[in-house]
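As a plain string of letters, each chain reads:
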Amino acid sequence: MKYMMLIYRNEQDLDALTPEQKQRTVGATWAVIDEAKRRGVLVGVSPLERISAATTIRHDGDKVLVSDGPFAETKEQLAGYYILACQDLDEAIAWASKIPICGGGRGCIEIRPLRELPARESLFERQDAAVNA
Amino acid sequence: MQFLLLIYDKEQRWSQGYDPKEMAEYGQFGNQFAGAIKGGNALQPTGTAKTVRVRGGKQLTTDGPFAETKEQLGGFYLIDVKNIEEAVAIAASIPAARYGSVEVRPILVFAKSETSAAD
């Protein structure tokens, strides 16, 4: 089963990090990514730019409404994601607890299982392959 | 430039399974933008979510998503396009944009010194 790990942390905490703390967080992040790769569970991973760079799109009838900012204002902000292929939720939780957030600061990781789609939607298989590449 | 398109929609809308007509639209969408789409997945409903925090070395796990919202994260696309205008145009073409909303977030590119462990 594949799981998406959504990483939420306070963006302002990042600004407060010392260069040493930042380096330690980056190092710990790569340690998790390397281990996940080595054990064949890494499907995809990426950090995101801050929410000030976000744009949200809605339709109102035929009209497209474009607004600045993220979908929802939250105390902690979506900062990035992992997609990991795990045996079960317990393994996913174990991986999630290894992912450093802001050098142990505030933050959390939401784990969501990916949804299996009907086989006729070969498009999604192709996308999966792209993420794997 | 890569963007993550986060699809927020009322998950009750497809609690009985996806509408085949809408799935066909997703198929068309996927074909139309095949050159830009690098990845994507649908997610299971938020009822299956767990949220993990580690505080003082202790792991705290709770049921449910990070935040309760009127619309729920139901899936995503990862796209590679020239600029945000192109990303917004693709986001507006996702069928769910007619019902919910699509958040467009640029992917953060680390400085080279920070990515020595990358591919």
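Only a predicted model underlies this, so the values are computations on that prediction, with no experimental measurement involved.

Definitions and limits used
Residues numbered from 1 in each chain as written. Chains lettered and ligands numbered in written order. Predicted model: local features only at pLDDT ≥ 70, side-chain atom pairs only at ≥ 80, totals over all residues. Helix = DSSP H or I, 4+ residues; strand = E, 2+ residues; numbered from the N terminus. Contact = placed C-beta atoms within 7 Å. Buried ≥ 20, exposed ≤ 12 C-beta atoms within 10 Å, placed from the backbone. Nonpolar A, V, L, I, M, F, W, Y, C, P; charged D, E, K, R; others polar. Pairing = 2+ DSSP bridges. Arc of directions from axis to C-beta. Core = buried A, V, L, I, M, F, W, Y, C linked by C-beta atoms within 7 Å. pLDDT = per-residue confidence, 0-100.

Engineer: Give a description of the overall build of chain A that names residues and reports values.
Structural biologist: Of regular secondary structure, chain A possesses four helices and six strands. In chain A, the succession of α and β elements from N to C terminus is β-α-α-β-β-β-β-α-β-α. Taking the intrachain contacts of chain A between residues at least 6 apart in sequence as the baseline, contacts between residues at least 24 apart amount to 78%.

Engineer: Tell me about the overall build of chain B, and please be specific about residues and values.
Structural biologist: Scanning chain B from terminus to terminus reveals two helices and six strands. Overall, chain B shows an N-to-C arrangement of helices and strands of β-α-β-β-β-β-α-β. Along the first, second and third principal axes, the C-alpha set of chain B runs to 50 × 40 × 20 Å. In chain B, which comprises 119 residues, the proportion classed as buried is 33%.

Engineer: An account of the environment of Trp14(B) is needed here, citing residue identities and associated values.
Structural biologist: All names here are of chain B. With respect to the helices and strands, Trp-14 occurs in the loop between β1 (2-9) and α1 (20-32). Assessed through the 18 C-beta atoms surrounding it within 10 Å, Trp-14 is described here as partly exposed. A C-alpha to C-alpha distance of 29 Å links Trp-14 and Ile-84, two positions 70 residues apart in sequence.

Engineer: With reference to specific residues and values, describe the interface of chain A and chain B.
Structural biologist: Counting from both sides, the interface comprises 44 residues of chain A and, opposite them, 43 residues of chain B. Of all elements in the fold, only β1 (2-9), α2 (19-38), β2 (42-47), β3 (55-60), β4 (63-68), α3 (89-96), β6 (108-115) and α4 (122-132) of chain A reach the threshold of two or more residues within the side of chain A that touches chain B. With eight residues, the single largest contributor to the side of chain A that touches chain B is β6(A). By residue class, the composition of the side of chain A that touches chain B is 29 nonpolar, eight polar and seven charged.

Engineer: Give me the lowdown on the pairing of strand β3 (residues 50-55) of chain B, citing residues and values where you can.
Structural biologist: As paired elements, β6(A) and β3(B) share three bridges and run antiparallel to each other. In the strand pairing of β3(B), Ile111(A) is matched with Lys50(B). Across six bridges, β3(B) lies against strand β4 (residues 58-63) of chain B in antiparallel orientation. Residue pairing across strands places Val54(B) opposite Gln59(B), the latter belonging to β4(B). What sits between the antiparallel neighbours β3(B) and β4(B) is a turn of two residues, in which Gly56(B) has the positive phi angle 55 degrees.

Engineer: Which residues make up the pairing of β6(A), and what values do they have?
Structural biologist: Most of β6(A) sits inside the fold, with six of its eight residues counted as buried. As paired elements, β1(A) and β6(A) share six bridges and run antiparallel to each other. Counterpart to Tyr8(A) in the pairing with β6(A) is Cys108(A). Pairing analysis gives two bridges linking β6(A) to strand β2 (residues 37-43) of chain B, with the strands arranged antiparallel. Note that in β2(B) the partner of Leu114(A) across the bridge is Leu43(B).

Engineer: I'd like a description of helix α2 (residues 84-93) of chain B, backed by residues and values.
Structural biologist: Restricting attention to buried positions, one finds in α2(B) the residues Ala87(B), Val88(B), Ile90(B) and Ala91(B). Down the axis of α2(B), the sector holding all buried residues measures 165 degrees, keeping them to one side.

Engineer: Kindly report on the nonpolar core, identifying the contributing residues and their values.
Structural biologist: Judged by nonpolar contacts, the single largest core of 53 residues is most densely connected at Met5(A), Leu5(B), Ala91(B) and Val102(B). Leu5(B) has contacts with Phe76(B), Tyr77(B), Ile79(B), Ala91(B), Ile94(B), Val102(B) and Val104(B), leaving out every residue within four places of it along the chain.

Engineer: Could you give me a rundown of the confidence of the model for chain B, with the residues and numbers involved?
Structural biologist: Overall, the predicted model of chain B reaches an average pLDDT of 90, with 92% of residues at or above 70. Both confidence scores are given for the complex: pTM 0.81, ipTM 0.75.

Engineer: Go over the confidence of the model for chain A, please, and point to the residues and values.
Structural biologist: Per-residue confidence for chain A gives a mean pLDDT of 86; residues scoring 70 or more make up 85%. Under a pLDDT of 50 for its full length, residues 120-133 of chain A has, in the predicted model, 17 contacts with residues more than four places off or in other chains.

Engineer: Go over the environment of Leu73(B), please, and point to the residues and values.
Structural biologist: Residue and element names in this part refer to chain B. Mapped onto the fold, Leu-73 is located in strand β5 (residues 72-80). When the 26 C-beta atoms within 10 Å are taken as the criterion, Leu-73 is described as buried. Along the sequence, Leu-73 and Pro-20 sit 53 residues apart, while their C-alpha atoms lie 20 Å from each other. Filtering out sequence-adjacent residues up to four positions away, Leu-73 remains in contact with Leu-6, Tyr-8 and Leu-43.

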